[in-house]
Amino acid sequence: MQKLVVLTGAGMSAESGIRTFRDNGGLWEEHDVTEVATPEAWARNPKLVNRFYNERRKQLLECEPNAGHTGLAELEKHFDVDIITQNVDDLHERAGSSKILHLHGELKKVRSSVDPSYVVELDGWELKLGDKCPKGSQLRPHIVWFGEAVPAMEDAIPIVEQADILVVVGTSLNVYPAAGLVYYAQEGIPIYVIDPARPEVKIKGVEYIQKGAGEGVEKLKEILIK
Ligand code: APR
């Protein structure tokens, strides 16, 4: 089976009702990113940061995977599919995709503030200040904040390097190192970008499917499944 690698971003979940980050009305616009998504913010105002992530977890409970998520899961009948996502929601999982790598963490998980290897699934949507890890430290969102390392890149790069087909869905390719993944693709493989806009990919022959995730993945299936 050919290896199909899909790099997804916030636009993948837009049709599920989760706002993107840089479109107008995006998430960060109500919050200065330095106020809520950096280790300094967590140290300075854990109450605000914790409330921001609790609100996002609560919102996620009302969201369902969209046709784009389910379409990608269905492609597993025809391809060996790897999803590499910048998203912290669990919509790819709930749509049935079986190989998912989260580059920027997972909203439904929390981890020790002193031992990053201690990661647990949060029961419900609310993390409370005072919820401690076994070593006695405050549990924190299992999210990669701006300025923090992206350990999952180590696994993501070889996956992209082995792709026979690369698909990019719903990311403005603004945030590195995630955005740089596309340049690890082997020379000459087919690359499709599904996005109403045209995020720049400086590789010859990229095919843009300028549609939302739901319609775009449908179109991709028509192209890939002869
Ligand atoms: N379907 C597909 N793509 C869409 C849709 C849709 N319905 N609606 C918007 N988009 C596209 C936008 O055109 C844009 O290119 O989704 C992209 C969203 O870009 P961003 O908001 O920048 O989100 P993303 O690229 O995932 O951000 C990367 O930045 O804020 C950090 O850690 C956060 O993982 C995030 C990272």
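About the thresholds
Residues numbered from 1 in each chain as written. Predicted model: local features only at pLDDT ≥ 70, side-chain atom pairs only at ≥ 80, totals over all residues. Heavy atoms only, no water. Helix = DSSP H or I, 4+ residues; strand = E, 2+ residues; numbered from the N terminus. Buried < 20%, exposed > 50% of the residue type's maximum accessible area, 1.4 Å probe, protein only. Pairing = 2+ DSSP bridges. Arc of directions from axis to C-beta. Contact = heavy atoms within 4.5 Å. Core = buried A, V, L, I, M, F, W, Y, C linked by side-chain atoms within 4.5 Å. Phe/Tyr/Trp six-rings, centres within 6.5 Å; stacked < 30°, edge-to-face > 60°. Lys NZ or Arg CZ within 6 Å of the ring centre and 35° of its normal.

S.K.: What should I look at first to understand unusual backbone geometry in this one?
M.R.: For residues that are not glycine, phi is negative in most cases, and the peptide bond is trans in most cases. Omega for the bond connecting Tyr176 with Pro177 falls within 30 degrees of zero, at 5 degrees, which places this linkage in the cis form. Position of Pro177 relative to the elements: it lies in the loop between strand E7 (165-169) and strand E8 (191-194). Despite not being glycine, Leu173 has its phi angle at roughly 55 degrees, a positive value. With respect to the helices, strands and loops of the structure, Leu173 is situated in the loop between E7 and E8.

S.K.: Is there a simple way to explain the pairing of strand E1 (residues 3-8) in this structure?
M.R.: Regular strands have side chains that alternate between both faces of the sheet. Across the six residues that make up E1, a large majority, six, are buried. The side-chain alternation of E1 yields two buried faces, one formed by Lys3, Val5 and Leu7 and the other by Leu4, Val6 and Thr8. Both E1 and strand E2 (residues 80-85) contribute to a ladder of six bridges, which runs parallel. Paired with Lys3 across the two strands is Asp80, which belongs to E2.

S.K.: I would appreciate a short explanation of helix H7 (residues 153-161) in the present structure.
M.R.: Along an α-helix, residues three or four apart share an orientation, since each turn contains 3.6 residues. Listing the buried residues of H7 in full gives Met153, Ala156, Ile157, Ile159 and Val160. Buried residues of H7 fall within an arc of 165 degrees about the axis and therefore sit on the same side. Looking at the buried residues of H7, the elements they touch are E1, E2 and strand E3 (100-102).

S.K.: What am I meant to see in the nonpolar core here?
M.R.: Side chains that are nonpolar tend, in soluble globular proteins, to be buried together. Of all hydrophobic cores here, the largest spans 26 residues; its most connected members are Ile84, Leu103 and Leu181. Counting residues per element, the ones that place at least two in this core are E1, H7, E7 and E8. The biggest single contributor to this core is H7, with five residues. Of all hydrophobic cores here, the second largest spans 19 residues; its members include Val6, Met12, Val81 and Val217.

S.K.: What exactly am I supposed to notice about the packing of aromatic side chains here?
M.R.: The description of two aromatic rings rests on the distance between their centres and on the angle between their planes. Considering all chains together, one arrives at three aromatic pairs under this definition. Centroid distance Trp42 to Trp145: 5.7 Å. Interplanar angle 40 degrees. Geometry classified as tilted. Taken together, the residues span a long stretch of sequence, with Trp42 in helix H3 (residues 39-44) and Trp145 in the loop between strand E6 (139-143) and H7 at a distance of 103 residues. Taking the relative accessible area as the measure of exposure, Trp145 reaches 2% and is therefore buried. Considering the side-chain rings of Phe52 and Tyr53, the 5.0 Å spacing of their centres and the 85 degrees angle between planes classify their relative orientation as edge-to-face. For Phe52, a relative accessible area of 3% puts it in the buried group. Ring pairs connect the aromatic residues Trp42, Phe52, Tyr53 and Trp145, which therefore count as one cluster. Its guanidinium or amino end placed over the ring of Tyr208, Arg198 lies 4.1 Å from that ring's centre, counting from NZ or CZ.

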